[in-house]
Amino acid sequence: MNSTNGSRVHPRYEVAVIGAGFGGIGAGVALRRAGIENFVIIDKWPKVGGTWLANTYPGVAVDVPSPVYNFSFQPRSRWSRFFAPGNEIQRYAEEVVDRQGLRAKLRLGKGTVRGAFDEADDLWRLTLDDGSEVTARFVIGAVGGLEQPNTPPIPGIDEYTGTIMHSSRWDHDYDYRGQRVAVIGTGATALQAIPELAKDVARLCVYQRRAIWIGPKPDFAMGPVLNGVLAFAPLQKTVRLVGNIGVNAGLGAGLAVSNYPRLTSVGLTLGETALKGFLFTQVRDPELRRKLTPDYRLGCKRPSISNDYFKTFTRPHVDLVTERIERFTRTGIVSADGVEREFDMAVCATGFKVMEKGYTPPYPIYGRDGIELGAFWDENRFQAYQGVSVPGFPNSFLITGPYGYAPGSYIPLIESTAAHAARVITETRRRGATRAEVRQEPHDRYFARMDKRAKRTHLFTQGCVTSNTYYINYQGDGAAFRPSTQLEMYWENRHFPLDDYRYTGGVSAAAPRSRHRGRARPRTAAAAPDAAR
């Protein structure tokens, strides 16, 4: 609603949440728990669930135990398997929306294509893909990291006449049974899809750039007895707590003990020995086993679990190609050894663009003085206070920002950063302010602390830089993870000093306009005396 006589413009919503995956749902619940009701959750997809709605490839499943992969405020005690299939996780998202009363807050089927902070009125203007505009005092970006598909720029791919699809955009109208299929990539997605595809195709050829560390998957059906036991609330909470600690230890132990490189190296060696032993039990052919053994340290990339991935390559109609892909032809793929293989279908299980230039954020976001967030990060390195806030972008919060995610289940991350955003918004209301912006000094201290820690982890000390890991971005930084335990992530997002933010403006006074008219940028941690490069 626009005011007249020079008075302020009032936003339609107090908070706009961008993304209706688990991050957006968690943010919505945090807002309601803080007594904030005037908010909207926007998403381009027609349903909630985010990555669990988009990813429907054969074999998709959670790689964190189901009793752990749920919100603390709404645990679920009905799972078909210990590691639930993807459609079951998406249904859980729907259940949370309904039980938490978020259904009326959803605005689905319309994606955000632009965001800009209105400095005169201390509000955000969001442009949707249908041309409409949403105004909100605050905005919470809950667009997950697994959002922008990474389609490989292989020469000739546009001339390929067969069916080609990215694993996150699966075309269920295509019947691949009895077909010749190529899979490009051997990451976490591929190891789930490859065994399923192998059951029905005439020929399967997997193109591997780097092998992946894999352990056994303790999966089993969750019958009525186990689900009944989990329905006992005290036990359910205990299982969730212990499970989260275990997952955090398994995925982030090297980060937590980063100040002890010798201990880290010994732990990695023991882990690698165990996983090589598991590979030996699955594949007896020494040459095939050599191809399936990673040439980088355990932990450089997110390890995974599977009971049938290795065995799939022992089947007569499945081939593993480790030569580099040179180009696509109209009917197939030519590898660097000159061999052309023809396929009816090619699957790009090549992951996502995580904190890459032009893709994080996935649309332009303009803060104070016209600063665009993607350009700022590209010029000054990815950075955010507690993974949530960036100086120069008032009233704006991130759920999965740089240096926010302590490896483990994503659910504790979401609950932590959502609580952070709700806490600042609540304090802004309490002070009668209309603008909250993280101060430069605490932001820079956090960035310097995380950067220094990250550079001490095994990712930078054990040879991971050359492993093509998404944990290290194109700037040579480990911005995709927080080098800490999830306990520290949980605590600091709930107990940071509220005065780490600056609160200005007021309900009856216009927000102060910036005196700078040029391309002024907020000072970065690179300029701070204690910044670690």
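Conventions we followed
- Residues numbered from 1 in each chain as written.
- Predicted model: local features only at pLDDT ≥ 70, side-chain atom pairs only at ≥ 80, totals over all residues.
- Heavy atoms only, no water.
- pLDDT = per-residue confidence, 0-100.
- Contact = heavy atoms within 4.5 Å.
- Helix = DSSP H or I, 4+ residues; strand = E, 2+ residues; numbered from the N terminus.
- Disulfide = S-S within 2.5 Å.
- Buried < 20%, exposed > 50% of the residue type's maximum accessible area, 1.4 Å probe, protein only.
- Patch = residues over 30% accessible without salt bridge, like charges linked within 9 Å, V, L, I, M, F, W, Y side chains within 5 Å.
- Areas by Shrake-Rupley, 256 points an atom, 1.4 Å probe, with all protein chains shown as cover.
- Salt bridge = Lys/Arg side-chain N within 4 Å of Asp/Glu carboxyl O.
- Expected span 1.5 Å × (residues − 1).
- Pairing = 2+ DSSP bridges.
- 1 Å grid on protein atoms, 1.4 Å probe; cavity = no way out; pocket = protein on both sides within 12 Å on 5 of 7 lines; lining within 4 Å.
- Points joined across faces, edges and corners; volume = space filled by probe spheres on them.
- Nonpolar A, V, L, I, M, F, W, Y, C, P; charged D, E, K, R; others polar.
- Phe/Tyr/Trp six-rings, centres within 6.5 Å; stacked < 30°, edge-to-face > 60°.
- Lys NZ or Arg CZ within 6 Å of the ring centre and 35° of its normal.

### Some thoughts on the confidence of the model for the chain
Here is step 1: Confidence in the prediction of the chain, expressed as mean pLDDT, is 89, and 91% of residues score 70 or more.
Here is step 2: Long-range and interchain partners of residues 1-6, a stretch whose pLDDT sits below 50, account for six contacts in this model, where long-range means more than four residues apart.
Here is step 3: For residues 508-533, every residue scores under 50 in pLDDT, and the model assigns this stretch 54 contacts once sequence neighbours within four places are set aside.

### Some thoughts on the environment of Gly374
Here is step 1: Relative to the assigned elements, Gly374 resides in helix α10 (residues 373-380).
Here is step 2: Sequence-wise, Gly374 and Pro364 are ten residues apart; in three dimensions their C-alpha atoms are separated by 6.9 Å.
Here is step 3: Filtering out sequence-adjacent residues up to four positions away, Gly374 remains in contact with Thr360 and Pro361.

### Considering the state of the cysteines
Put plainly, two cysteines are in a disulfide when a covalent bond ties their sulfur atoms together.
Here is step 1: Scanning the model with the defined rule gives one disulfide in all.
Here is step 2: Here Cys300 engages in a disulfide with Cys464; their sulfurs sit 1.8 Å apart. As the torsion about the S-S bond is roughly -75°, the Cys300-Cys464 disulfide counts as left-handed. Residue Cys300 is located in the loop between α8 (286-291) and β11 (304-305), and its partner Cys464 is located in the loop between α13 (458-461) and α14 (486-495); the two are separated by 164 residues in the primary sequence.
Here is step 3: Judged by relative accessible area, Cys464 falls into the buried class, the value being 0%.
Here is step 4: Left without a disulfide partner, Cys205 is nearest to the cysteine sulfur of Cys348, which lies 14 Å away.

### Some points on a nonpolar patch on the surface
Here is step 1: On the surface, Val225, Val229, Phe232 and Leu235 cluster together to form a nonpolar patch covering roughly 370 Å² of accessible area.
Here is step 2: With respect to the helices, strands and loops of the structure, Val229 is situated in helix α5 (residues 224-230).
Here is step 3: A relative accessible area of 39% means that Val229 is categorised as partly exposed.

### Section: helix α3 (residues 86-99)
Here is step 1: Across its 14 residues, α3 extends 20 Å between first and last C-alpha, which sits within 8% of the 20 Å expected from 1.5 Å per residue.
Here is step 2: Buried residues of α3: Gly86, Glu88, Ile89, Gln90, Tyr92, Ala93, Glu94, Val96 and Val97, and no others.
Here is step 3: Against α1 (22-33), α2 (51-54) and β3 (106-108) lie the buried residues of α3.

### Quick notes on the pairing of strand β19 (residues 435-438)
Looking along a regular strand, one sees the side chains alternate between the two faces of the sheet.
Here is step 1: Where burial is concerned, the two faces of β19 agree: the one with Arg435 and Glu437 and the one with Ala436 and Val438 are both buried.
Here is step 2: Relative to strand β20 (residues 501-504), β19 is paired through four bridges, and the arrangement is antiparallel. Note that in β20 the partner of Arg435 across the bridge is Thr504.

### Quick notes on empty space enclosed by the protein
Where empty space is left can be seen by rolling a probe of water-molecule size over the atoms.
Here is step 1: Counted by the stated rule, this structure contains four cavities of 30 Å³ or more.
Here is step 2: Looking at the largest cavity, it is lined by 41 residues, and the ones nearest its centre are Val143, Thr360, Leu398, Thr400 and Gly401.
Here is step 3: Listing elements by their share of the lining of the largest cavity, those giving two or more residues are β5 (123-128), β6 (133-141), α10, β18 (396-398) and α11 (410-430).
Here is step 4: Taken together, the residues of the lining of the largest cavity sort by class into 29 nonpolar, ten polar and two charged.

### What to know about the environment of Leu413
Here is step 1: One can find Leu413 in helix α11.
Here is step 2: Judged by its relative accessible area of 0%, Leu413 is buried.
Here is step 3: Distance from Leu413 to Gly387, taken between C-alpha atoms, is 9.7 Å for residues 26 residues apart in sequence.
Here is step 4: Aside from chain neighbours lying at most four places away, what touches Leu413 is Ile399, Thr400, Gly404, Tyr405 and Met489.

### With respect to the packing of aromatic side chains
Here is step 1: On inspection of all chains with the given rule, the structure shows 28 aromatic pairs.
Here is step 2: With a centroid separation of 6.3 Å and 85° between ring planes, the pair formed by Trp170 and Tyr176 is classed as edge-to-face. Of the two residues, Trp170 and Tyr176, neither departs from the other in class, the shared state being buried.
Here is step 3: One aromatic cluster in this structure is built from Phe22, Trp52, Tyr69, Phe71, Phe73, Trp79 and Tyr92.
Here is step 4: Positioned above the aromatic ring of Tyr13 is the side chain of Arg12, whose terminal nitrogen or guanidinium carbon lies 4.5 Å from the ring centre.
Here is step 5: In this structure, Arg76 packs its charged tip against the face of Trp79, placed 4.6 Å from the ring centre.

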